[in-house]
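# Analysis of the macromolecular model
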Amino acid sequence: MYRVLLVFLLPALVHAKPNILFMMVDDLGWNDVGYHGSEIKTPNIDALAERGVELDRYYAFPVCSPTRVALMTGRSPIRQGVDFAIGPHGGMPLDEHLLPQTLRAAGYQTFITGKWHLGLEHAASHPNNRGFDHAHGHLGGGLDYFTHIWEGGLDWHRNGKVIREEGYTTELITDEAVSLIKSRDKSRPMFLYVAFNAPHVPLQATEKYLGRYPDIGDPYRKLFAAMVSAVDDGVGRILAAIEAEGIADDTLVVWVSDNGAIPGVGDNSPLRAGKGTTFEGGIRVPGMIFQPGVLEGGKFTQMVTAQDWFQTLTTAAGVTPKNTKPFDGVDMWAALTDGQEVDRRDTVIGMYGNYTIFRDGWKLVEHTSRMGNTTTIHLFRLLDDPNEENDLIDENPDLAKELLAAIRAIPRPPSVSQVRPGEGFRSRREATRGGRGGRDLSSGWKEETRQPWVEVAIRD
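Once a new chain begins, its residue numbering starts again from 1 and follows that chain's sequence as written. Under the rules for a predicted model, residues below a pLDDT of 70 receive no local features and side-chain atom pairs below 80 are neither given nor counted, while totals for whole chains, interfaces and linings still include all residues. Excluding hydrogens and water, the side-chain values take into account all heavy atoms of the structure.

### Section: the nonpolar core
The term nonpolar core refers to a set of buried residues drawn from Ala, Val, Leu, Ile, Met, Phe, Trp, Tyr and Cys, joined through side-chain atoms within 4.5 Å. Here's how the labels work: a residue is buried when its accessible area is under 20% of the maximum for its type, exposed when over 50%, partly exposed in between, all with a 1.4 Å probe on protein chains only. Counting 115 residues, the largest nonpolar core has Phe22, Tyr193, Trp255, Ile289 and Trp309 as its most contacted members. Labels follow the DSSP assignment, with helices taken as runs of H or I lasting at least four residues and strands as runs of E lasting at least two, numbered in each case from the N terminus. With 13 residues, the single largest contributor to this core is helix 7 (residues 219–244).

In structure tokens:
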């Protein structure tokens, strides 16, 4: 009798912890998805938003690396010295404990395919050494979609070994995700992190996707739209693989952008400004979460941030975090599932020269210009003014001073990013006019002038 009972209970025991599929896209603006009214066609993403819970006030950090640090650690990148995009040198501190490490300790198999951008100079910083059983994709911030070269070096690997894999990166990332879903150990839950590098520059697309937008005359916008469509097809294929494997009901799905779009290429409207700033267009981005029978339908209007995922996902999985440093994020699981109100007095988001603090409906913005030579302070009553059109700083100088002091109170160790405004990404206008270091946004890297990045990584 007991043996028969065990047979019936085994499937339930195997699936006690949900699979977690976390998909992140790169530099996608608020109005770059169909369900927000974009001219870009995103039927698979739209369907996921309709079936799942739309995160109406989801906040990332202003650029790539800080957001990824927040996701992986549940802690502010500001206090970790990751204050801009990580370049060829530097990386996330090695004494930080990461989400995949906690999940792996709890029995999860942990996979990443796509963009890492948390350190490539030292092999100790690579994903296989930070909690991932399987890692595929690229380590740096951006690469040519066809040659997979970044700044002269091939940046494409599988489990720390250089691979020369022909194809368009979005499709290769999707292929790997589908393969991992099919070949996984079916007796264990899976954490699959799919980090699309699209639609980050360089703007490159295949004819298959360009052909979907004959009516977009602007060549940059057309390229961008085509790249987003490729991602949307990838999302559809990955979700179809989950369905085909019969694990859709046991899988928690998250889909988000890592920051706002570059203005003039992506579309952050009606929000103000874009990537690199802490105005709404730089940090309020599309996002959603879905699990059949658990999180379905509707729009969630409380704030959710990239720092919240570690605690939220481990609670969903019934797993105790193994980190020893305090979280900066908030566990949002009860709020998402039961509608509980979360009390967040202060939430600080930002990077080098650009910070913001949210408190009781107020938002203070510290904005440093692209070249880093001017800084201005702004104050908004955000829920009444979501597009940040009415600056109230002159009427509330004492509050502004208090909020700025709260931002300054966060410890800021020396930078590990080693990239600064004026050295990294540029606005469309700067890139196309050939300014200092500027180049056409659609140009990638064709020549391989140095050894592959994985091969030259320092192995301590």
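### Section: the sheet that holds strand 16 (residues 375–381)
One open sheet accounts for four strands, arranged 13-14-15-16; its pairing is antiparallel. Two strands in the sheet have a free side with no partner beyond their single neighbour: strand 13 (347–351) and strand 16. Ignoring strand direction, the axes of neighbouring strands in this sheet form an average angle of 10 degrees. Here the rule is simple: two strands pair whenever DSSP picks up at least two bridges between them. Where strand 14 (residues 354–359) meets strand 15 (residues 362–368), five bridges bridge the pair, whose relative direction is antiparallel. Interaxial angles span 0 to 180 degrees and are taken between N-to-C directions of axes, which are lines fitted to C-alpha atoms, for helices over the stretch in contact.

### Examining the pattern of salt bridges
Definition used for salt bridges: Asp or Glu carboxyl oxygen within 4 Å of a side-chain nitrogen of Lys or Arg. In this structure the tally under the stated criterion is 28 salt bridges. Of the charged contacts, one joins Arg284 and Asp56 as a salt bridge, the two residues approaching to 3.4 Å between their closest N and O atoms. Residue Arg284 is located in the loop between helix 8 (280–283) and strand 11 (287–290), and its partner Asp56 is located in strand 2 (residues 53–59); the two are separated by 228 residues in the primary sequence. Where Arg345 meets Asp360, a salt bridge forms, and the shortest distance between an N and an O atom there is 3.2 Å. Separated by 15 residues along the polypeptide, Arg345 in the loop between helix 10 (333–338) and strand 13 and Asp360 in the loop between strand 14 and strand 15 bring together distant segments of the chain. Among the charged side chains, a network of salt bridges with common partners joins Asp26, Arg68, Lys115 and Asp258.

### What about the sheet that holds strand 11?
The mixed open sheet is built from 10 strands, whose spatial order is 8-7-4-3-9-1-10-11-2-12. Edge positions in the sheet fall to strand 8 (161–162) and strand 12 (299–305), since each of these pairs with one other strand and no more. Bridge analysis of strand 10 (residues 251–257) against strand 11 gives four bridges, and the strand direction is antiparallel. Bridged to Trp255 within strand 11 is Met288. Any two residues having at least one pair of non-hydrogen atoms within 4.5 Å are treated as being in contact. On top of the sheet, helix 7 reaches strand 1 (19–25), strand 9 (190–195) and strand 10; it is set at about 175 degrees to strand 1, its chief contact.

### Some remarks on the environment of Leu210
By secondary structure assignment, the location of Leu210 is in helix 6 (residues 207–210). By relative accessible area, Leu210 is classed as buried at 14%. Between the C-alpha atoms of Leu210 and Ala230, which are 20 residues apart in sequence, the distance is 9.7 Å.

### Quick word on the packing of aromatic side chains
Pairing of aromatic rings covers Phe, Tyr and Trp, the last counted by its six-membered ring, and requires centre-to-centre distances within 6.5 Å; plane angles under 30 degrees mean stacked, over 60 mean edge-to-face, and any other angle means tilted. This model, assessed by the stated rule, comprises 12 aromatic pairs. Both rings, one in Tyr58 and one in Trp309, keep their centres 6.0 Å apart while their planes meet at 45 degrees; by these two values the pair is tilted. Remark: Trp309 occurs in helix 9 (residues 309–317) and Tyr58 occurs in strand 2; sequence separation between them is 251 residues. Considered together, Tyr58 and Trp309 belong to a single accessibility category, that of buried residues. In textbook terms, an aromatic cluster arises when at least three aromatic residues are bridged by ring pairs, as seen for Phe22, Tyr58, Trp116, Phe132, Phe191, Tyr193 and Trp309. A ring is scored as having a charge over it whenever the NZ atom of a lysine or the CZ atom of an arginine sits within 6 Å of its centre and within 35 degrees of its normal. Between the NZ or CZ atom of Arg412 and the centre of the ring of Tyr355, over which it lies, the distance is 4.1 Å. Sitting above the plane of the Trp453 ring, Arg450 keeps its charged end 3.7 Å from the centroid.

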